[in-house]
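# Summary of structural features
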Amino acid sequence: MKKALLVPLIAGICLLTGCAEAPDQVKENMKDYGVNEQIVLDNVTYCSPAELKNITPDTLTYQPKNLILPDKIDFSDVEDVGLVTFCSKENFSVNKEDFAAQIGVVSPKWTKGDTAEAGWDFQTDDTSGYILENGRFAFFSGKYEKYVADENYPEITNRIYLGRESCPDITCNLNGTSTSLQQVIDSADEWIDEFPYLDGELTYKIRTAYIRHDNAGNDYVELFYQPMYKGVGLSYITHLMDPNVMGSIVIVAMSSGLSVNIETPGTISTCVTQLNPDVVKEEMADKVIDFDSALKLAEEKLSGFNRLKVAEVRIEYVLKPIYNPDKQSPYGEHITMEARPVYTFYIPCEHEENNYEYGITEANGLVYVNVDMLDGTVTDNFSVNSFHGN
């Protein structure tokens, strides 16, 4: 089976067991994983979720002394926010024949997978792919896959962070046809909207575009999308493992994302999903900690640093899997994930994005501070990235 870009390598060493409802003891065991000490500050104020849409740098009443905020702060996508319970799918591979037909592969020979996630994969002369029981799927085709197979990756010539900037006026040469990057994105947006196995309660927002260029003059565009629920993104950068648990691997946050490659206009040559869950319950909040108070909480956490430049601020959900680390894989089917909303401050660090074959390397260049929008808990990944300031 083709290498799965977005599957953490640790998935292969976890045991597969799914459950509809996590036992109380498991929830008790997991409740403190990845949680820093609660920071208590006076004068924390609240706002309604609807009021988040009005926040801009100009509306702030608190100006942090050790954070340099970006010029753009935009929460206008947020429709509602609160506690949301997600669940990975179950027995999703029953769709494998139709999935193959949807990507133009007729009656492939399927092979049963033997990973912790389980599922089925296929390979033809032109295309390979897989479909997993938990709802994840991928397919790989086109010229670029041959570069990948030969470990001869074309150079990334442009990285565009569309969460931070508008789409630039860039022309791409896709298999001999000139087309704008915006046209490439529009076409991919349409494909995602129409592909039946991405149809559900989640929507997808473009975050990053990578353009590669080969020696023959061809461009290859990879687009990374963030899954969204009611205008709030599912985090894909929050650190997955609890660094405080020794002797075992404990996953405390699920990573999400959707990656597509385009090398011919109007055609998706590669698609990789990282998380494809269903929403099973929500408890939307009447009020949340307002952004000015979140700034105070973040600044208190960062009081030992000189001024830190923030690349981007988002409202996101951090999805915590409820499972028994000794007996279950968080990547199995029917795993419950409890999502809490956070203000996320993304801060550039000294690490550089590498030239990994599928380009999704944004996390390598960032550290974060998360401020829980409901209880004010502040977490970060500074220690695991040996971050000492920028």
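Throughout what follows, the structure given in this document is the object of discussion. The shown structure was predicted, so the numbers you read here are calculated from the model rather than taken from an experiment.

## Quick look at the pairing of strand E19 (residues 312-322)
Here E19 lies mainly inside the structure; eleven of its eleven residues are buried. Where burial is concerned, the two faces of E19 agree: the one with Glu-312, Arg-314, Glu-316, Val-318, Lys-320 and Ile-322 and the one with Val-313, Ile-315, Tyr-317, Leu-319 and Pro-321 are both buried. Inspection of the sheet shows E19 paired to strand E20 (residues 336-348) by eleven bridges, in the antiparallel sense. Bridged to Glu-316 within E20 is Val-342.

## Section: unusual backbone geometry
The backbone phi angle of Asn-175 is positive, close to 55°, even though this residue is not glycine. As for its placement among the helices and strands, Asn-175 is situated in the loop between strand E9 (171-174) and strand E10 (177-180). The class for Asn-175 is partly exposed, based on a relative accessible area of 41%.

## Some thoughts on a negative patch on the surface
On the surface, a cluster of negative charge is made up of Asp-186, Glu-190, Asp-193 and Glu-194. Structurally, the position occupied by Asp-186 is in helix H4 (residues 181-194).

## Digging into the environment of Tyr-317
Considering the arrangement of structural elements, one finds Tyr-317 in strand E19. Under the relative-accessibility criterion, Tyr-317 is labelled buried at 0%. Sequence separation between Tyr-317 and Asp-372 is 55 residues; the distance between their C-alpha atoms is 9.5 Å. At 3.2 Å, the side chain of Tyr-317 and the backbone nitrogen of Gly-82 are in polar contact.

## Quick word on the pattern of salt bridges
Overall, the coordinates contain ten salt bridges when judged by the stated rule. With a shortest N-O distance of 2.5 Å, Lys-205 and Asp-77 are connected by a salt bridge. Taken as a pair, Lys-205 in strand E11 (residues 203-213) and Asp-77 in the loop between strand E2 (67-68) and strand E3 (82-87) lie far apart in primary sequence, 128 residues in all. The exposure class of Lys-205 is partly exposed, given its relative accessible area of 30%.

## Comments concerning the nonpolar core
Residues Leu-52, Leu-223, Phe-291, Tyr-343 and Phe-345 are the most contacted members of the largest nonpolar core, which totals 88 residues. With near-sequence residues (within four places) excluded, Phe-291 lies in contact with Ile-55, Leu-60, Ile-73, Phe-75, Val-313, Tyr-343 and Phe-345. Within the second largest apolar cluster, seven residues are counted, among which are Phe-224, Tyr-236, Ala-311 and Tyr-346.

## Quick look at helix H5 (residues 291-301)
Burial within H5 is extensive, with eight of its eleven residues counted as buried. For H5, the secondary structure elements touched by its buried residues are E2, strand E17 (288-289), E19, E20, strand E21 (366-372) and strand E22 (378-380).

## Observations concerning the packing of aromatic side chains
Throughout the structure, instances matching the rule amount to 17 aromatic pairs. Geometrically, the ring pair formed by Phe-86 and Tyr-229 is edge-to-face, given 6.0 Å between the ring centres and 80° between the ring planes. Of this pair, Phe-86 sits in strand E3 while Tyr-229 is found in strand E12 (residues 219-229), placing the two residues 143 residues apart along the sequence. Look at Phe-92 and Tyr-197: their rings are 5.9 Å apart centre to centre, the planes differ by 90°, and that puts the pair in the edge-to-face class.

## Comments concerning the side chain of Ser-269
With respect to the helices and strands, the residue Ser-269 is situated in the loop between strand E14 (258-262) and strand E15 (270-273). In contact with Ser-269, not counting residues within four places along its chain, are Phe-139, Phe-140, Ser-141, Asn-261, Ile-262 and Glu-263.

## What to know about the state of the cysteines
Throughout the structure, instances matching the rule amount to zero disulfides. Here Cys-167 stays free of any disulfide, with the sulfur of Cys-172 as its closest cysteine sulfur at 8.6 Å.

## Let's talk about H4
Look at H4: 20 Å from first C-alpha to last across 14 residues, which is about the 20 Å you get at 1.5 Å a residue. Turning to H4, its buried residues number three or more, namely Leu-181, Val-184, Ile-185, Ala-188 and Ile-192. All buried residues of H4 fall inside an arc of 95° around its axis, so they share one side. Turned more than 90 degrees away from the buried face of H4 sit Asp-193 and Glu-194, all of them exposed. Looking at the buried positions of H4, the neighbouring elements they touch are strand E8 (155-161), E9, E10, E11, E12 and E14.

Parameters and conventions
- Residues numbered from 1 in each chain as written.
- Predicted model: local features only at pLDDT ≥ 70, side-chain atom pairs only at ≥ 80, totals over all residues.
- Heavy atoms only, no water.
- Buried < 20%, exposed > 50% of the residue type's maximum accessible area, 1.4 Å probe, protein only.
- Helix = DSSP H or I, 4+ residues; strand = E, 2+ residues; numbered from the N terminus.
- Pairing = 2+ DSSP bridges.
- Patch = residues over 30% accessible without salt bridge, like charges linked within 9 Å, V, L, I, M, F, W, Y side chains within 5 Å.
- Areas by Shrake-Rupley, 256 points an atom, 1.4 Å probe, with all protein chains shown as cover.
- Salt bridge = Lys/Arg side-chain N within 4 Å of Asp/Glu carboxyl O.
- Lys, Arg positive; Asp, Glu negative; His and termini not counted.
- Charge placed at Lys NZ, Arg CZ, Asp CG, Glu CD.
- Polar contact = N/O pair within 3.5 Å; in protein donor to acceptor, adjacent residues only side chain to side chain.
- Core = buried A, V, L, I, M, F, W, Y, C linked by side-chain atoms within 4.5 Å.
- Contact = heavy atoms within 4.5 Å.
- Phe/Tyr/Trp six-rings, centres within 6.5 Å; stacked < 30°, edge-to-face > 60°.
- Disulfide = S-S within 2.5 Å.
- Expected span 1.5 Å × (residues − 1).
- Arc of directions from axis to C-beta.

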